Amino acid sequence: MRKQLPLAILLSFVMTNAISLLESTQQERQRCDEDTVFTTKTKCGACSVNYKIRCPEGYSKMTKGSGKRGCRYQYETHSLTLSFNGCQHTCMRTLKQPQCCSGYWGQDCLECPGGPLSPCSNRGHCFQGIWGNGTCTCQKAFAGTACEKCAEDNVFGPNCTSVCSCIHGTCNNGLTGDGQCMCMSGYKGLHCDQPIPECEALQCPENSRCSVSSVDKSQLECKCLPNYEGDGKQCKPINPCSKMVCDPHADCLYLGPNHHNCTCQYGYEGDGQVCVPINPCQKNFGNCPISSTVCKYEGPGKSHCECQEHFRNFVPGRGCSMKDICATNNPCHENAVCTMTAPGQTLCKCQKGYAGDGFVCYGNIIDQIREMNNEPGGYWQGNLISAIELFGG
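Note that this is a predicted model, so its numbers are computed, not measured.

Caption draft 1: Main features of the pairing of strand 28 (residues 311-315). Across three bridges, strand 28 lies against strand 29 (residues 319-322) in antiparallel orientation. Counterpart to F311 in the pairing with strand 29 is M322. Between the end of strand 28 and the start of strand 29, which pair antiparallel, lie three residues, with G317 showing a positive phi angle near 85°.

Encoded structure:
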């Protein structure tokens, strides 16, 4: 027994990872994300110190060294403003723009009714894509959640264009129907329009009808009425619910001979013939505050809220609080003031008496030379001692 327990745990681990891998692969098949490139430039500054400048969070430098020359920056003194030639860096970031593959819809890229290979049964248009809601707009002759049936009851054929012509009978209608008539008792003919006087003597039992024999056209026999089944002598009501006539995710309710009602189960919606998963995130963002959270689809009728990037500490109904990068990972210079301007974005401003772009701040030229000379691993480390002595530092 002790030997079997580790084996059971190992099998459970393997199955869990296999299912996770399958779900991940399925998700990849449904998504067709597109790469979008964004570029920006850093603030213009002194070329001598511009190699220190960092790109905004998430961006990478495309220029080397001090960056590209040609911009101008200003230096303010107590009495005047000076303008100098400077350098700036070009920064780039590639973001994946979420997109669904053809035949899928919504933020979680769910299948269109009818499936991704034949959305809306190829008889209509699915409102697909990342901003779609998965509903089908059927062509004129068709109806249903997936355009899976004829819009009218008295038509038949794959195009729902042939009209039934049964006078005293029931038509084999619908997409798979051939238009044949099942005549009522006492009638015969292609259109069930020819009376049969001899039927009175046959005295067919309840739920059956008098009809021309299927074996010998010169004889009459009792056949079960439409919506009943049997040998004509004994006929019982047809129960469609015993034949899986509804969607696998629907419940079938028997309403009488050959009549039923299909109702989609909890977490699904549709006409019962076709049921599609309900994604709560598609309606009012799953009641997740859009300013700080995202809605995550868990399965039919289920979702939960998660904090957006740069947010934390989710509180139901209120959302998440913004992370204070200035407190946890201050990107600014030690002589600068850090201010949060937006989620994940900071503003660095040199303190009074200092100049720079906030990432690099210096009070005067001797402070800057001393800092460059002492920077560990810096380009000028130990090489500016003479300059410091020249300026009296």
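Caption draft 2: A look at the sheet that holds strand 1 (residues 34-41). The three strands are arranged 1-5-2 in an open sheet whose pairing can be described as antiparallel. At either margin of the open sheet sits one strand with a lone partner, and together these are strand 1 and strand 2 (60-61). The pairing of strand 2 with strand 5 (residues 90-97) spans two bridges and is classified as antiparallel. Across the sheet, K61 pairs through a bridge with C91, a residue of strand 5.

Caption draft 3: Molecular detail of the state of the cysteines. Across all of its chains, the model carries 24 disulfides by this definition. There is a disulfide in this structure between C32 and C101, and the S-S distance comes to 2.0 Å. On the sign convention where negative is left-handed, the bridge of C32 and C101, at about 100° about the S-S bond, is right-handed. One end of the pair, C32, is in the loop between helix 1 (4-30) and strand 1; the other, C101, is in the loop between strand 5 and strand 6 (104-105), with 69 residues separating them in the sequence. Accessibility expressed as a relative area gives 36% for C32, which makes it partly exposed.

Caption draft 4: The pairing of strand 31 (residues 345-350), seen in detail. Bridge count for strand 30 (residues 336-342) against strand 31 is six bridges, and the pairing is antiparallel. Each residue of the ladder has a partner; that of V337, found in strand 31, is K349. Joining the antiparallel neighbours strand 30 and strand 31 is a turn of two residues, in which G344 adopts a positive phi near 80°.

Cut-offs used in this document
- Residues numbered from 1 in each chain as written.
- Predicted model: local features only at pLDDT ≥ 70, side-chain atom pairs only at ≥ 80, totals over all residues.
- Heavy atoms only, no water.
- Pairing = 2+ DSSP bridges.
- Helix = DSSP H or I, 4+ residues; strand = E, 2+ residues; numbered from the N terminus.
- Disulfide = S-S within 2.5 Å.
- Buried < 20%, exposed > 50% of the residue type's maximum accessible area, 1.4 Å probe, protein only.

Geometric values such as these leave the question of function open.
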